[in-house]
Amino acid sequence: MSKRFTEVEFGSHKVEVLEGGYYDRFRMNPDLDQVARDKAAGNIDFFRRIPKQQVASRVGPTWAPNFYYRSGSVQLLFLAPLDRLRATLPAPLEPLRAFPGYGLVALTFFTYSVCDNDPYDEVSVAVVVRRPGARGSHALELMDAMRRRSFTAHVLALPVNTEIARVRGVHGYQLPKWRADIKVDIGAEVSARIAGPKGLPDLQLKVPLPSLTHVQPQSRMSTATMIHQVDGLWHQSVVQSNTLSFAQRLFPRNVRLERNGGPLSQLLDGLGASRILRLDVIKDAQIVLNLPVPLTAFGQAATHRSE
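Please read all numbers here as calculations on a predicted model, not as lab measurements. (Residues numbered from 1 in each chain as written. Predicted model: local features only at pLDDT ≥ 70, side-chain atom pairs only at ≥ 80, totals over all residues. Heavy atoms only, no water.)

Across its full length, the protein holds 7 helices and 17 strands. For 307 residues, the compact-globule estimate of 2.2 N^0.38 gives 19 Å, and the C-alpha radius of gyration of the protein, at 19 Å, lies within 12% of that figure. Across its three principal axes, the protein shows a C-alpha extent of roughly 50 × 45 × 45 Å. Considering only contacts in the protein between residues 6 or more positions apart, those separated by 24 or more positions represent 68%. Accessible surface, the protein: about 14900 Å² in total, of which carbon and sulfur atoms supply 50%. Between the averaged position of the 38 positive side-chain charges in the protein and that of its 28 negative side-chain charges there is a distance of 6 Å. (Helix = DSSP H or I, 4+ residues; strand = E, 2+ residues; numbered from the N terminus. Rg over C-alpha atoms; globule rule 2.2 N^0.38 Å. Contact = heavy atoms within 4.5 Å. Areas by Shrake-Rupley, 256 points an atom, 1.4 Å probe, with all protein chains shown as cover. Lys, Arg positive; Asp, Glu negative; His and termini not counted. Charge placed at Lys NZ, Arg CZ, Asp CG, Glu CD.)

This is how it looks when you write it as structure tokens:
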């Protein structure tokens, strides 16, 4: 059955969305009682304690935060030379040191099957950075981040496969998003791919599904903080995750990641991301994405570090 689309206004933009989908019906302000009746959404009690508010944004008044009722992801955490990461990051961002001479780069494939702005897939390449204003030992900061499951990162690329996700990300958050052909499947085997320009293969990932751990809702919470610029000023966007089923492997085996020379392949190669430190597979999670808020720890517009 073919999908039908309808045109909606998002700020000054006109975007096609799924007819009768969540965005078409709710415009980011869902009736959670109606969402609860959607079997695909699962149990949504987690979201009932996070009230939405209509707030000002770059594209006019909008309802926030953004809810992802059912999502999955697969992440490869790479070691990468610190000199490469420092050359890439804008000042005053500093890569978090994991080992002498090495920092961390995360490649993550996301799939959002039920969310406020309709189903889509996404790929992220991000550098793990020090928390704004952090001083002292990198090792202690990394251990604390691991203990609290709370990491800070600067996103270098964030392609998506729907127009509403692209427009919201670019104009609402000023994140590096573009449209691409992306497919993520977390089944008996984990597979994910993204195409580059003209549909040519970019990255292709395959790995056997590790044994999953299932946990009670809100017993394994985590936080990711994106540090990025909005209109030349430093902001942070906080992502809260309520993980329900997951697997984690250090120095994983049987990971097949093909790099075929597309934009993300070139980005990973340029960062020197080669050795895989950890594999994280999340089969089921609920996510809350907050709007960017100004950072007081940093100054105004940043410039790239000189080499």
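Glancing now at the pattern of salt bridges. Pairing is possible between side chains that carry opposite charge, provided their charged atoms lie close to one another. With the rule as written, the count across this model stands at 18 salt bridges. For R58, the salt bridge identified is with D231, shortest N-O distance 3.0 Å. You can see R58 sitting in the loop between β3 (53-55) and β4 (62-64) and its partner D231 sitting in the loop between β13 (221-230) and β14 (233-250), a full 173 residues away along the chain. Judged by relative accessible area, which is 38%, R58 ranks as partly exposed. Residue D144 pairs with R147 through a salt bridge whose shortest N-O separation is 2.5 Å. A residue pair is termed a helical-turn pair when its members lie 3 or 4 positions apart in one helix, as D144 and R147 do in helix α5 (residues 138-148) at 3 residues. One network of salt bridges, with partners in common, ties together R131, D144, R147 and R148. (Salt bridge = Lys/Arg side-chain N within 4 Å of Asp/Glu carboxyl O. Buried < 20%, exposed > 50% of the residue type's maximum accessible area, 1.4 Å probe, protein only.)

The next point concerns the sheet that holds strand β9 (residues 182-186). With antiparallel pairing, the 4 strands of this open sheet are ordered in space as β9-β10-β11-β15. Looking at the sheet topology across the chains shown, the edges are occupied by β9 and β15 (256-259). Ignoring strand direction, the axes of neighbouring strands in this sheet form an average angle of 5 degrees. Sheet analysis places strand β11 (residues 201-208) next to β15, joined by 4 bridges and oriented antiparallel. Its bridge partner lying in β15, K206 is registered against R256. Strand contacts of helix α7 (residues 263-271): β10 (189-195), β11 and β15, with the helix running at about 75 degrees to β11, the strand carrying the most contacts. (Pairing = 2+ DSSP bridges. Axes fitted to C-alpha atoms, helices over the stretch in contact; angles between N-to-C directions.)

A separate point is the nonpolar core. Grouped together as the largest cluster of nonpolar side chains are 37 residues, with contacts concentrated most on L76, V105, L107, F109, V125 and I194. Among the elements that line this core, the one with the most residues is strand β5 (residues 66-81), at 4 residues. Excluding residues within four positions of it along the chain, I194 makes contact with F109, V123, P159, A180, D181, I182, P201, D202, L203 and L264. By size, the runner-up hydrophobic cluster in this structure holds 18 residues, among which are Y68, V155, L158 and Y173. (Core = buried A, V, L, I, M, F, W, Y, C linked by side-chain atoms within 4.5 Å.)

Mapped onto the elements of the fold, N66 is located in strand β5. Of the polar contacts made by the side chain of N66, one reaches the side chain of N117; its length is 3.3 Å. With residues up to four places along the chain from it excluded, the contact list for N66 reads M28, K52, D116, N117, R168, I287, V288 and L289. (Polar contact = N/O pair within 3.5 Å; in protein donor to acceptor, adjacent residues only side chain to side chain.)

Moving on: the pairing of strand β7 (residues 120-128). Burial analysis of β7 places 9 of its 9 residues in the buried class, which makes it a mostly covered element. On β7, burial covers both faces: Y120, E122, S124, A126 and V128 on one face and D121, V123, V125 and V127 on the other are all buried. Sheet topology places strand β6 (residues 102-115) next to β7; 8 bridges connect them, and they run antiparallel. Bridging across to β7, V105 finds its partner in V127.

Our focus in this paragraph is the environment of V8. Mapped onto the fold, V8 is located in strand β1 (residues 5-10). Contacts of V8, omitting those with residues within four sequence positions, involve H13, K14, V15, V17, Y23 and R27.

On to the packing of aromatic side chains, then. According to the stated counting rule, one finds 10 aromatic pairs in the structure shown. Taking the centre distance of 5.2 Å and the plane angle of 65 degrees together, the rings of F46 and F47 count as edge-to-face. Of the two residues, F46 and F47, neither departs from the other in class, the shared state being buried. Note on Y112 and Y120: the rings are 4.7 Å apart at their centroids and 50 degrees apart in plane angle, and the pair reads as tilted. Each member of the pair, Y112 as well as Y120, carries the same accessibility label: buried. Chaining the aromatic ring pairs together yields one cluster made of Y22, F26, F46, F47, F67 and Y69. Geometry around F67 places K52 over its ring, the cationic atom sitting 4.7 Å from the centre. Over the ring of F246 we find R220, and its NZ or CZ is 3.9 Å from the ring centre. (Phe/Tyr/Trp six-rings, centres within 6.5 Å; stacked < 30°, edge-to-face > 60°. Lys NZ or Arg CZ within 6 Å of the ring centre and 35° of its normal.)

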